[in-house]
Amino acid sequence: MSKVMSNKWIIAIYVLPALLLISILIFIPLLLTGYYGLMDWDGVSAMEFIGLENYITALQDSLFWDSAWHSVLLALFSALSLAIYLTIALILASKIKGANLLRKIYLIPMLLSSVAIAQLWIKVYNPSNGILSTVLGWFGAEKAPLWLSDTSIVLYAIFIPILWQYAGFYILIYYAALKNIPESLIEAAKIDGATPLQIALKIKLPLIMGVVKVTIVLAIVGSLKYFDLIYVMTGGGPNGASEVMASYMYKLAFSTSNFGYGSAIGFLLLLITLIVTLVINKLTASKDKIQY
Amino acid sequence: MLRKKAFSLLAGLFAVALVLSGCSGSEDASSDGKKVIKFMHLWPEGSSKKHHDIVENIITDFEKEHKDVKVEVEVLSNEQYKDKMKVLSASGELPDVGMTWSAGYLEPYANGGKFATLDDLLEGDLKDSFVSGTTEAYQVDGKTYGLPLELNIASVYYNKAIFKENGVEAPKTYDELIKVVETLDKKGVEPIALGNKDKWTGSLWYMYLADRIGGTKALNSAIDRSGSFEDPALVSAAEKVQELVDANAFVDGFNGLSDEEAKSMFMNEQAAMYLIATWDLPNYTTNEDVPQEFRDSVGFFDFPSVDGKGDMNSYVGGPGVGLFVSESSDVKEEAKEFVSFFTQEWGEKSVTDAGVIPATKVDGESLDLPQMYVDVLDKLNSATNITLYADVQLSADVAQVHLDQIQALFGKEATPEDFAKTHEQALSK
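Residues numbered from 1 in each chain as written. Chains lettered and ligands numbered in written order. Predicted model: local features only at pLDDT ≥ 70, side-chain atom pairs only at ≥ 80, totals over all residues. Heavy atoms only, no water.

## A word on the interface of chain B and chain A
Filter applied, for reference: Contacts are residue-level and defined by heavy atoms, with any inter-residue pair within 4.5 Å sufficient. A simple way to read buried area is as the amount of 1.4 Å-probe accessible surface that goes missing from two parts once joined, with both sides added. Definition used for salt bridges: Asp or Glu carboxyl oxygen within 4 Å of a side-chain nitrogen of Lys or Arg. Pairs of N or O atoms are called polar contacts if they sit within 3.5 Å, as long as, within protein, a hydrogen donor faces a hydrogen acceptor (for residues adjacent in sequence, only side-chain-to-side-chain pairs). Here a strand is any run of E in DSSP of at least two residues, a helix any run of H or I of at least four, and the numbering for each starts at the N terminus.
Listed as interface residues are 28 residues of chain B and, on the opposing side, 28 residues of chain A. Buried surface at the junction of chain B and chain A, summed over both partners, amounts to about 2200 Å²; 50% is from carbon and sulfur atoms. Viewed at the interface, chain A and chain B are joined by 1 salt bridge. A salt bridge links Asp-404 of chain B to Lys-251 of chain A, with the shortest nitrogen-to-oxygen separation between them at 3.1 Å. Counting the contacts that link chain B with chain A gives 9 residue pairs in polar contact (both at pLDDT 80 or more). Broken down by secondary-structure element, the contributors of at least two residues to the side of chain B that touches chain A are helix H3 (78–90), helix H4 (103–111), helix H10 (259–267) and helix H16 (396–410) of chain B.

Take a look at the structure:
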């Protein structure tokens, strides 16, 4: 067995199918996108090589930077909401009544398709007939905010279903990580007289730091490239108020028929995400190895 | 040992299943010996029941007459259809027969050699069948790349019952319209249903205002570059739009509502007026799924004149969707036959079964048609001008600027002057 495993050629063969799959589905299209970004192409006629013009235009395009800022806002909110999910997971992991049931309920939004969630929330946010506006009316509000058409709140209005969609995912990850902590450590702390809050903050949290770092990267990267709900609920509008990088890229390519410029934006999105990931990894790197 | 065998057997079966499911798709077509025409259209059963049913009937009839041909249908909703067309044309996988819009939308496909020319059909079976001007909109460089199915004009449909309840009458001038809006608003009734998330809906309002204030020339010459978009008439039309918004004419949150949501508000009697084109006529005439009471209470009026200006017989509208044949289709002959068959059948059935206006000439005399349909047809026949929708006339990138600016204008994020300037810049590129 060890003879097989130490042979480099055998390892290469085992890795090959997955490598091929990833190359064809991910790496090569990435490079092609960067390549198409060098062209002037409307998707139907022939391509025309224009060098870095698209990329330079993108860097000077205020709409692009607006959309980038919206993506960053989403990433920030996602990262901050992780604290809420962690708290919920901590509560669930301790032996409270109904923890099992609650866990399953929190997971339900993850099972719904993005489009279903979008349609649901569009109906909730409807200014005339939506649940939200009706309930606010009971509490005496004269005119409910125009959730999806008021440009100052539309972005935040969409953030809520986005965070709601992924809450279950992160809660589940944290819950699993917390469950992995050996009971003996918790008991030892209890015997030493630690309060539940102290146990949570000083013992459990440091022990799952590795997992927390991973979820931070997941949340931020996932938010930077987020597309689904933005596209279905508002299409980036009104007037670009809820545009994020991915929806801007889609609009350029498919609505304006400017595949060259859209590809350039897409490639820039990739670069931004890579840089952010590297920065996060550097910031959260630590020499400690967690062992229990 | 047994577990290992069971596992590898399971894995083997799984792999075989995968391979088979991948294979079976393409086998079907050739194993039957029948030729397959892939047809894509945008009338889903849910939102366009009558249209959908007519298409099904036409396909069944076609397959009966041509036993060696099978038609495979794919149905998408309007916005999805537009997206999918772009994807398919970029990957070179357009269906054999599909739907397209005219003018600016059609151009890249025609110039890129994606659509086949259909002049031979116009010389043959379909000679002289079309209303004048409709096929011209589908021409590029003198060659025809699509055959129109629909001919539409936009009118303001209104709920007569709501109007009567609130003591208002159909307005003939813009000032009367503002008064109607104010009265309804005071009484807590939403005056106009508008779903401007889709943007082309707001564009209808703008185009009519531009047509009334600037005459038929203003908008058209700005677009064909013989004039400028910063023409005072066009700026004035933009100002009027914002006047309407300030008067609370449109439903709450209209800039975030889709056209379907606005339509359902009008259909549920939550709004008094709705500016839409004749493709929606069936909902107010023949569609059995809509309560009879509602259908009876709907009327329409021509867009009002503004400050005494405007030809009431000038309309915003034009040929709607048409059929195209893909240039790279391997069943081109059969596809063209299907298009010819479809157009002729559609010409008859769309009138009697759906109550919409086809692009082929309609003999209104001999058929028993709903009164509203006859009235609209009369208007169409006496129209002095039909201005084609802006987002169809313009090329894709300028059309998108137009649509975005419409949303900005209605949302009061752009001043009328900026609105005009941005258009002028986009058109000058």
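## A closer look at the environment of Leu-155 of chain A
All names here are of chain A. Turning to its location among the elements, Leu-155 is positioned in helix H8 (residues 154–179). C-alpha of Leu-155 to C-alpha of Ala-264: the two residues are 109 residues apart in sequence and 24 Å apart in space. With residues near it in sequence (within four places) discarded, Leu-155 still touches His-70, Leu-73, Ala-241 and Ser-242.

## Some thoughts on the confidence of the model for chain B
Our working definition: pLDDT: the predictor's confidence for each residue, scored from 0 to 100.
Confidence in the prediction of chain B, expressed as mean pLDDT, is 88, and 94% of residues score 70 or more. Across the interface, the model reports ipTM at 0.79; the global pTM reads 0.83.

## Here's the deal with the nonpolar core
We apply this condition: Here, nonpolar core means buried Ala, Val, Leu, Ile, Met, Phe, Trp, Tyr and Cys residues that are tied together by side-chain atoms lying within 4.5 Å of each other. For every residue, the accessible area (1.4 Å probe, protein chains only) is compared with the maximum for its type, and the residue is labelled buried under 20%, exposed over 50%, or partly exposed between those bounds.
The biggest cluster of nonpolar side chains holds 144 residues, and the ones touching the most others in it are Phe-39, Tyr-157, Trp-205, Tyr-206, Phe-250, Met-273 and Tyr-284 of chain B. The greatest single-element share of this core, amounting to 13 residues, is contributed by helix H8 (residues 200–223) of chain B. Counting 25 residues, the second-largest nonpolar core is a separate cluster that includes Ala-89, Leu-92, Tyr-170 and Ile-181 of chain A.

## Concerning a negative patch on the surface
Residues and elements named next belong to chain B. Where we set the bar: Residues enter patches when their relative accessible area tops 30% and they take part in no salt bridge; the joining distance is 9 Å for like charges and 5 Å for the nonpolar side chains Val, Leu, Ile, Met, Phe, Trp and Tyr. For every accessible area listed, the method is Shrake-Rupley and the probe measures 1.4 Å; residues are considered covered only by the protein chains on display. For the charge count, each Lys or Arg is scored as positive and each Asp or Glu as negative, with His and the chain ends excluded. Every charge is mapped to an atom, namely NZ of Lys, CZ of Arg, CG of Asp or CD of Glu.
Where like charges cluster on the molecular surface, the negative patch consists of Asp-68, Asp-125, Glu-333 and Glu-337. Inspection of the secondary structure puts Glu-337 in helix H13 (residues 332–354). With a relative accessible area of 41%, Glu-337 lands in the partly exposed category.

## Examining the environment of Val-276 of chain A
With respect to the helices, strands and loops of the structure, Val-276 of chain A is situated in helix H14 (residues 259–284). Beyond its immediate chain neighbours, meaning those up to four positions away, Val-276 of chain A contacts Ile-220 and Leu-224 of chain A.

## Some thoughts on the packing of aromatic side chains
Two aromatic rings are characterised by how far apart their centres lie and by the angle between their planes. Residues and elements named next belong to chain B. The cut-off we apply is this: Ring pairs shown here join Phe, Tyr and Trp side chains whose ring centres sit within 6.5 Å, with only the six-membered ring taken for Trp; geometry is labelled stacked below 30 degrees between planes, edge-to-face above 60, and tilted in between.
The tally for this structure, following the rule as stated, stands at 49 aromatic pairs over all chains. Measuring from ring centre to ring centre gives 5.3 Å for Phe-39 and Phe-338, while their planes differ by 75°; the resulting arrangement is edge-to-face. Placement of Phe-39 in strand S1 (residues 35–41) and of Phe-338 in helix H13 is noted, with a sequence separation of 299 residues between them. Phe-338 matches Phe-39 in its accessibility class, with the two residues each being buried.

## Focus on the sheet that holds strand S3 (residues 97–100) of chain B
Residues and elements named next belong to chain B. Put simply, the rule reads: In this scheme, strands are said to pair when DSSP sees at least two bridges between them. Angular values range over 0 to 180 degrees, each being the angle between N-to-C directions of two axes fitted as lines to C-alpha atoms, with helices fitted over their stretch in contact.
Taken together, 5 strands build an open sheet; the order of strands is S2-S1-S3-S12-S6 and the sheet is mixed. In the strand order of this sheet, the two ends are held by strand S2 (69–75) and strand S6 (147–148), each with one partner. Two elements, S1 and S2, share 7 bridges in a ladder whose sense is parallel. Following the sheet pairing, Val-36 is matched in S2 by Lys-70. Running over the sheet, H13 touches S1, S2, S3, S6 and strand S12 (322–325) and is turned about 170° from S12.

## Here's the deal with helix H13 (residues 245–255) of chain A
Residues and elements named next belong to chain A. Of all 11 residues in H13, 9 are buried, a share of seventy percent or more. If you check which residues of H13 are buried, you get Met-245, Ala-246, Ser-247, Tyr-248, Tyr-250, Lys-251, Leu-252, Ala-253 and Phe-254. Remark: Ser-257 follows H13 within two positions and exhibits a positive phi of approximately 60°.

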